[in-house]
Amino acid sequence: MKTQTLSIEHMARLRRMRGLARLMDTALRIPGTRFAFGADSVIGLIPGVGDLAAAAASLIIINEARRLGVPNGKLVKMLVNVGFDTVCGSVPLFGDVFDAYFKSNRRNLRLVMEHFGLDHADLDR
């Protein structure tokens, strides 16, 4: 699909997905660096439930992608990204660093955007 065939509702959903991906993966930037992290990294610091809560938020993006008609093959890739992030993120210490670098939500957003033939500039219109 190309941008001109997407409805206003679809574009609004994609913008919300982008906002959630940003919140979870890159909302906070360390001044003077290009390094950014998000709520996924912060929530993941809570032992036991933090990584599961972050995964639940990530599943919102996957569900929206499903509702928008993203094919099952891409949905499976998205689930693998979240599963990998959740499992690796749950390892003490290593997981906290891993969460800051892997950014599964941004990866998943990229898969959705590629499916629709969009880039971030298209969502800014």
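For the structure, check the block above.
Predicted model only: the values in this text are computed from it and were never measured.

Quick notes on the overall build of the protein chain
- Across its full length, the protein chain holds 7 helices and 2 strands.
- Listing every helix and strand of the protein chain by position from the N terminus yields α-β-β-α-α-α-α-α-α.
- Its C-alpha atoms give the protein chain a radius of gyration of 15 Å, within 12% of the compact-globule value 14 Å for 125 residues.
- Referenced to the eigenvectors of the C-alpha coordinate spread, the extents of the protein chain come out at roughly 45 × 35 × 15 Å.
- Each of the 125 residues in the protein chain was classed as buried or not, and the buried ones make up 42%.
- In the protein chain, once contacts between residues fewer than 6 apart in sequence are set aside, the share between residues at least 24 apart is 62%.
- Of the side chains in the protein chain, 17 bear a positive and 12 a negative charge, and the two mean positions are spaced by 6 Å.

Let's talk about the packing of aromatic side chains
- Under the definition given, this model contains 6 aromatic pairs.
- Ring plane angle 15° and centroid distance 5.1 Å describe the contact between Phe 98 and Phe 102, whose orientation is recorded as stacked. You can see Phe 98 and its partner Phe 102 sitting in helix H5 (residues 94–102), 4 residues apart, about one turn around the helix. Accessibility assignment for this pair places Phe 98 and Phe 102 in one class, buried.
- One aromatic cluster in this structure is built from Phe 84, Phe 94, Phe 98 and Phe 102.
- In this arrangement the basic side chain of Lys 103 is found over the ring face of Phe 35, its NZ or CZ atom lying 5.6 Å from the centre.

Conventions used here
- Numbering of residues starts from 1 in every chain and runs along the sequence as written.
- Totals for whole chains, interfaces and linings use every residue, but because this is a predicted model, local features are given only for residues with pLDDT of at least 70 and side-chain atom pairs only at 80 or more, for both listing and counting.
- Values shown for side chains rest on all heavy atoms present in the structure; no hydrogens or waters enter the calculation.
- Per the convention used, a helix needs a DSSP run of H or I reaching at least four residues, while a strand needs a run of E reaching at least two, with both numbered from the N terminus.
- Using C-alpha atoms as the atom set, the radius of gyration is obtained and then compared with a globule rule of 2.2 Å times the number of residues to the power 0.38.
- Here's how the labels work: a residue is buried when its accessible area is under 20% of the maximum for its type, exposed when over 50%, partly exposed in between, all with a 1.4 Å probe on protein chains only.
- Whether two residues are in contact is decided by their heavy atoms: any pair within 4.5 Å suffices.
- In this charge count, Lys and Arg are treated as positive and Asp and Glu as negative; neither His nor the chain ends contribute.
- By convention, charge coordinates are those of NZ in Lys, CZ in Arg, CG in Asp, or CD in Glu.
- Planes of paired rings set the category: under 30 degrees apart is stacked, over 60 is edge-to-face and the rest tilted, where pairs are Phe, Tyr or Trp rings (Trp by its six-membered ring) whose centres lie within 6.5 Å.
- Charge over a ring is defined by NZ of Lys or CZ of Arg lying within 6 Å of the ring centre and within 35 degrees of the ring normal.

Any functional reading would require information that these geometric values do not contain.
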